[in-house]
Each structure stands twice: as structure tokens, then as C-alpha cells.
Amino acid sequence: MDSLSLRYKLVLFFCLTGLLPLVFISYYFLAAHTRSLEETYTNQVNQIVGQAAAGMSQDYTKLAKDLSDHAAQPYLQLSFQQFPQSTRLLLLRERLALYRSSRNRFSRLSLCYTNGRRLVTTPLQAGPDTYTSFERRIISTLPFAKGAVRHVIFTRTRELCLFIPVVSFRDPVRQVGVLAAYLPLSQLAASLETIDIGFDTITIIRDKNTAVISQSAPDSPVGPGADIRWYRAQIPALGWFLEVGVATEDLFGDVAALKRNSAVVIGAILVCALAITFIFSRRFTAPLDAIIQGTHTYATGDLTHRIRVTGGHEAQKLAQAFNAMAQELDERQGELDQAVRLASIGAMTAGLGHEIKNPLTGIKTSAQVISKVMSQAPFKAAHAGDPKGLSDLCFLAESISSEADRVTKILNDLLKLGKPGKPNPVEFDLAQTVQKALGLLGPRLDKKGIGRDVKVPGLGAWADPDQIQQVLLNLLLNAMDAVPDHGGEIRISGGFLESGQPYLTVCDNGPGIPRDKIRHIFDPFFSLKKEGTGLGLAVVYSILKQNQVRIAVDSRPGQGTEFTLIFPGPGKKEGEV
């Protein structure tokens, strides 16, 4: 990944964040849509098959009810009680034939005794009677109840046989015979011709034991090995099941075509998107390539080179920023050389500091001895004739001593700047350190009439308390010098940041620091005071850096300056363990 160029990273990023989600979303919606279509087709076919099974069940129910009603006709009930004469049997056969012809569905009607012996049948069979033994066996074995219709499949003739009990005219409870009706299965399955799915189908009727009763071939042959989707519904009145098979290719062909076409469209979109991505990435990276080439030129030391970009607004702004940086680097190069020289001088001063302090100590001691000798009576008596000269000599001796102290202080600050003391970090209370620093400077603040506003709760911090106290003294001294006498105010506050780090703020109401000077206040020898050495804040910065304490400066001209110390790690409030 790191070895890829920006152009290919952009392409990869676009693929991961744009194209892949687009593909996943497209695939999800396509799958959901096709699944919805499949469910819709399936529900429609199930509904059609269910309606066909219900129609077949209703057809059978109407037929059975019509037979049951006809079995209750008096001429059938009385026929078993009359003496079977030929003329009466002929009349009975004619009436059954009339009923059969009016229904035009039954292939045969028979009126039998309860023992299965036939009384009359229509139409008459010329050859051997294949129904006699079947009727006797069924009638003698099937249990009958009043009005109940029993049905049995006669496999030899592919007929559905319906048996309806006939009761006595005078005793409706007593069964006297059975009316047998034979219905071709093709007649019963005629209602299945209304199944119109729009495709070739295979229709199968099974009994409750799943044995095939009837099966119809499709209008056009289904190829061998074709995938058939089966739909099943129950025929309640018969206890049978209707199964309809449809070729999956026929039923879901549109769905498969939709999938193929959608895949082609998605693929075309992906190819176009990738092509656009490559073109866009090239246009985007071309200005960056020019900028990178310019940075290489800068790296060779040619800071006069300028980048010219004709790309987008952002690239032009970036090029302008690089050009401004080059201009700034060109200007700062001389300052950097000067800083290096100053750093060398500082290192040399740090090395010679101890050697210089010894002569300064001798000079200060000699000045003190001279001043002491001049203050004695013999010396005063010897120079009684020249009091002004004596006074000048005493002033010079005191000036030598004070200037030696001033030089010593500068050397000490230089030594601290070059090599500050090693900190001894411990956990301490910032409030106590603030009180100690204010206690040392309190008399001077009171003498100048400078007010103090201290709001520092118990804050546990981790640093060297002595060095932090020295930092506070330097900041307070700078604030004391900045604010006016009898009207100045120094505010000290503390608390916790959102990260849990303790902080301490020292703020004054002095004239503030100009914006262009703030970045230089920690530089050695930089001072805004007429008599300042420019080493106080440099020493402060060096001490804080060693203690891993960050310092931030906010100054508003005419309103004052605020220094904020941010200590490392989460702090603790007073009383916490």
C-alpha cells in the first residue's frame, strides 16, 4: 500500500468507498427485486393451483349433493319394495337413463341391493359385465350412513365410483339399496383445463397416499432433465392433492433475463466509472506532481525556484503556499546562519562562564575592600581637603561592586540557559508553590500598589517544585514590570483541562506584547524592556521543556498578557488519593 502512487491510491480509495458500495447496493436491490418477482410469481401460481383445486372440490361436492338428492326420489325408494316385473324394471331404467342423460357426465348408473346384487343398470352392457363383482365387493365392505356419499376409484376403467345409500320410503332410517354412479376421471379433471399460467404445465392428481390418480402431459414436451418447479394444493372434498409442474426456465425466464441485463449494465457502469476515475486522478495528481518536482528543486537548495500550477483552485493555493514558504525560507536562511553563530557564542559563553566568574569575584572583593578602606577615618582625614573626590571614589567603588553583581547574574542566566539544572520531578501542590512565590514577592508588590487575584484550588501536578517556583518568580517579575504602579493587577488561576491535565495561568493588565513579537519572546537576548537582558523567558522555556511542561502565550495589545502552564499527565484535586 505504501509503495502505491497517489494516483493509484485515489483509484483504490474510490473503488473501496464508491464502486464497491455501489456494486453491493446494486446487487442487494437487484436480489431483492428478483426475489420479490419470484415470490410474486410463486404466489400467483399457488393462487391459480389453489383455485383449480377448490373448483374441482366444489364440482365434486355439487355432483355428490345432486346424486344424494336424486337417491331420495320416491321412485328409487319404492322400487325395492315393488315386485320386480319386467315392465317396472324397464320404467325404472328409463327414468335412470333420463337422469343420466340430463347430467351428461356419468358413464354408468346402477341401482343395487344392500348385498351388492344389481337391480337395474343403465346403459346396458353388451359384453361381460366388469362392474358386477366390483359393486358387490364395495357395497358389502363400505360402511354407509344416511346421506353419506362414498367414492372409490375403479382403476380398470379409470372411473371415480360414487355410492349413495337409498333408504326406505316408509322407514327413512332403514337402508334398502345403493345408487352407484360412475364418473370418468377425465370428466372430473375437466375443471383443471381452466389452469392458465401462461406456460406449459404438467398436472398430477394424487390420492391421500400420494399414489398417482391422473396425470396430464404438457401441451409441448418438456426437455429431459428440465428443472421443474412443483406447486401443490389439496382437494378437500376428495382428500386428494393437485400438483402442477412448471418449467423453471419458463416461469422465471424474465427474472433470469433481468439478472443478466442488470449484470451487463452494472459492469458497463463499473468500466465507465473506473475510466473516469483514472482520468480524474490524473488531472488531480498532475498539479501535485509539479509541486513535488518543485519541492525536490527546493531540497537541492534553489530557494529562488517558484512553482507554477494551472490546475484547480486548491492546487493553486497549495503552490502559492509552497512559494510563500520558499520566500520565507529564503528570508530565514540568513537569520538561521545568525542563530547558529549566536548558538556557538552561547556554547562558548557557557564554557567560559566559570572562568569569568572567578575574576569577577576578585574584582567584587577588591571593590568591597577599597570601599571599606575609604570609609575608615585615616583615609577620610587624608582626603579631607577634597571631599568631592572622596565621594566620587566611594561611588566608583560601589558601582564596580554592583556591576560585578550584574555581570555575575548574566553569567548565571547564561549558564542556566546552556545547561539548566537536572529536574527532580515529584507530585506537589501548585497552590502551595504559588503561595511561596507570592510570599517572596509580596513586599515588592505591596510597595508598588499592585493588586493580586489568586484563584488556585488544590491541584496535584508532576514536576520539580523548586524549578516551577523559579518559573513563577520570573513570570511574576515580568508581570510586575509590565503593569503600572498603583493600578496594576496580576491574576493567577488554575484548574483542569478536558484531558484532565492541570494548568496554571498568570495574567496581567499591562500593555501587552505586539503580535509580531510574541514568537520571539523566548529567544535568548530578546527583550522588550530597556534594561532587560533577554534571558529570563529563555531560561523559563528551558526549565519548562526539561519538566515536560507546555507553555502558551496569549497577548492582546492594550489589555495584557496571559501565560498558561500545562503540566503533563492527569492531575489530582486536593483530598484525592
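Keep in mind that this is a model prediction, so the values were computed, not measured. (Residues numbered from 1 in each chain as written. Predicted model: local features only at pLDDT ≥ 70, side-chain atom pairs only at ≥ 80, totals over all residues. Heavy atoms only, no water.)

Participant: Any chance you could explain the side chain of Asp464 here in plain terms?
Facilitator: Mapped onto the elements of the fold, Asp464 is located in the loop between strand E12 (459-463) and helix H12 (465-482). Although buried, Asp464 forms no salt bridge, and the nearest oppositely charged side chain, Lys436, lies 10 Å from it. In contact with Asp464, other than residues within four places in its own chain, are Lys422, Pro423, Asn424, Pro425 and Asn547. (Helix = DSSP H or I, 4+ residues; strand = E, 2+ residues; numbered from the N terminus. Buried < 20%, exposed > 50% of the residue type's maximum accessible area, 1.4 Å probe, protein only. Lys, Arg positive; Asp, Glu negative; His and termini not counted. Salt bridge = Lys/Arg side-chain N within 4 Å of Asp/Glu carboxyl O. Contact = heavy atoms within 4.5 Å.)

Participant: Help me understand the sheet that holds strand E13 (residues 489-496) in this model?
Facilitator: Backbone hydrogen bonds are what pair the strands of a sheet, in a parallel or an antiparallel way. Across the sheet, five strands lie side by side as E11-E13-E14-E16-E15; this open sheet has mixed pairing. Pairing within the sheet leaves two strands with one partner each, and these edge strands are strand E11 (451-455) and strand E15 (550-556). Taken pair by pair, the neighbouring strands of this sheet meet at an average axis angle of 15°, ignoring direction. With seven bridges joining them, E15 and strand E16 (residues 560-566) adopt antiparallel strand pairing. Among the inter-strand pairings, Asp554 is bridged to a residue of E16, identified as Glu562. This element, helix H11 (residues 430-448), spans E11, E13 and strand E14 (502-508) of the sheet and lies at about 175° to E11. Each of E13, E14 and E16 is contacted by H12, which is oriented at about 25° to E14, the strand it contacts most. (Pairing = 2+ DSSP bridges. Axes fitted to C-alpha atoms, helices over the stretch in contact; angles between N-to-C directions.)

Participant: What am I meant to see in the packing of aromatic side chains here?
Facilitator: Geometry of an aromatic ring pair is reported as the spacing of the ring centres plus the angle between the planes. Using the criterion set out here, one finds five aromatic pairs in the structure. Here the aromatic residues Tyr131, Phe134, Phe154, Phe163 and Tyr182 are joined through ring pairs into a cluster of three or more. The ring of Tyr75 is capped by Arg95, whose NZ or CZ atom sits 4.0 Å from the centre of that ring. (Phe/Tyr/Trp six-rings, centres within 6.5 Å; stacked < 30°, edge-to-face > 60°. Lys NZ or Arg CZ within 6 Å of the ring centre and 35° of its normal.)

Participant: Teacher, can you tell me more about H12 here?
Facilitator: Because an α-helix completes one turn every 3.6 residues, residues spaced three or four positions apart along the sequence face the same direction. In this model H12 runs 25 Å from its N-terminal to its C-terminal C-alpha over 18 residues, within 8% of the 26 Å that 1.5 Å per residue would give. Two or three places before Asp466, at the opening of H12, Asp464 has a side-chain oxygen 3.1 Å from that residue's backbone nitrogen. (Expected span 1.5 Å × (residues − 1). Polar contact = N/O pair within 3.5 Å; in protein donor to acceptor, adjacent residues only side chain to side chain.)

Participant: Before we go on, may I ask you to explain the side chain of Thr564 in this structure?
Facilitator: With respect to the secondary-structure elements, Thr564 resides in strand E16. Among residues more than four places away in sequence, those in contact with Thr564 are Tyr503, Leu504, Thr505, Arg550, Ile551 and Ala552.

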